[in-house]
Amino acid sequence: MITYDLLADISVLIFVVGIIIWLISQQLVIRYTQKNLKSLCYYLYGDEYFYEGKLNMYDMFFMTFIASPIFIQYHFVYKRKGYLPMFKGGTSVMHANLDEKNALLLVKKHYKWLVLNFISLLLGFFWLFGSGFFMMWAKRVGQ
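Our subject in this report is the structure included herewith. A quick note: this is a predicted structure, and the numbers were derived from the prediction, not measured.

1. Some details on helix α4 (residues 100–109)
Item 1. When α4 is considered as a whole, its buried residues turn out to be N102, A103, L106 and V107. End-on view of α4: buried residues confined to an arc of 145 degrees, all on one side of the axis. For α4, the exposed residues set more than 90 degrees away from the buried face come down to K101, K108 and K109.
Item 2. Of the surrounding elements, those touching the buried residues of α4 are α2 (37–45), α3 (57–81) and α5 (111–142).

2. What about helix α1 (residues 4–35)?
Item 1. Here α1 spans 46 Å end to end across 32 residues, near enough to the 46 Å set by a 1.5 Å rise per residue.
Item 2. Listed in full, the buried residues belonging to α1 are L7, S11, I14, G18, W22, S25, Q26, V29, I30, Y32 and T33.
Item 3. On its buried face, α1 sits against α2, α3, α4 and α5.

3. Some points on the environment of K112
Item 1. Relative to the elements of secondary structure, K112 occurs in helix α5.
Item 2. With 56 residues separating them in the primary sequence, K112 and N56 have C-alpha atoms 21 Å apart.

4. As for the packing of aromatic side chains
Item 1. Inspection of every chain in the model, using the stated rule, returns eight aromatic pairs.
Item 2. Taking the centre distance of 5.9 Å and the plane angle of 45 degrees together, the rings of F71 and Y111 count as tilted. Of this pair, F71 sits in helix α3 while Y111 is found in helix α5, placing the two residues 40 residues apart along the sequence.
Item 3. Between F133 and W137, the aromatic rings sit 5.8 Å apart at their centres with planes inclined by 35 degrees, giving tilted as the arrangement. Note that F133 and W137 are positioned in helix α5 at a spacing of four residues, about one turn of the helix.

Parameters and conventions
- Residues numbered from 1 in each chain as written.
- Predicted model: local features only at pLDDT ≥ 70, side-chain atom pairs only at ≥ 80, totals over all residues.
- Heavy atoms only, no water.
- Buried < 20%, exposed > 50% of the residue type's maximum accessible area, 1.4 Å probe, protein only.
- Helix = DSSP H or I, 4+ residues; strand = E, 2+ residues; numbered from the N terminus.
- Arc of directions from axis to C-beta.
- Contact = heavy atoms within 4.5 Å.
- Expected span 1.5 Å × (residues − 1).
- Phe/Tyr/Trp six-rings, centres within 6.5 Å; stacked < 30°, edge-to-face > 60°.

Function-wise, these values are silent; they only describe arrangement.
Structure follows, in structure tokens:
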């Protein structure tokens, strides 16, 4: 029989371990981004010196939310149909320089960065929704 205490312990474990793993993956993304910042800025913004100083966390999340759709669309649409749907209208709304050609060059030259961003996003969602699911389940069992 599944008890309230067991589910509560599982949710706490998922919360703590999940946030630690997510923070490690996000740190890998930050390290890769800082090492290759000029090249990434060239593809995203058209200017290698767009960021002269260090990136803040807002900028990192902004880059994660552009890298993940490129990664997903490359694997699920581009490989089968030959185009990226997010660039049907020309360029990206968030990044004026980012078009299909630059996105494919980004995939070619910085595939590791795209994978790290996608994994980090998945781990963040798992941490948030996985622990929340078990917390709600524990609450339901406890009633």
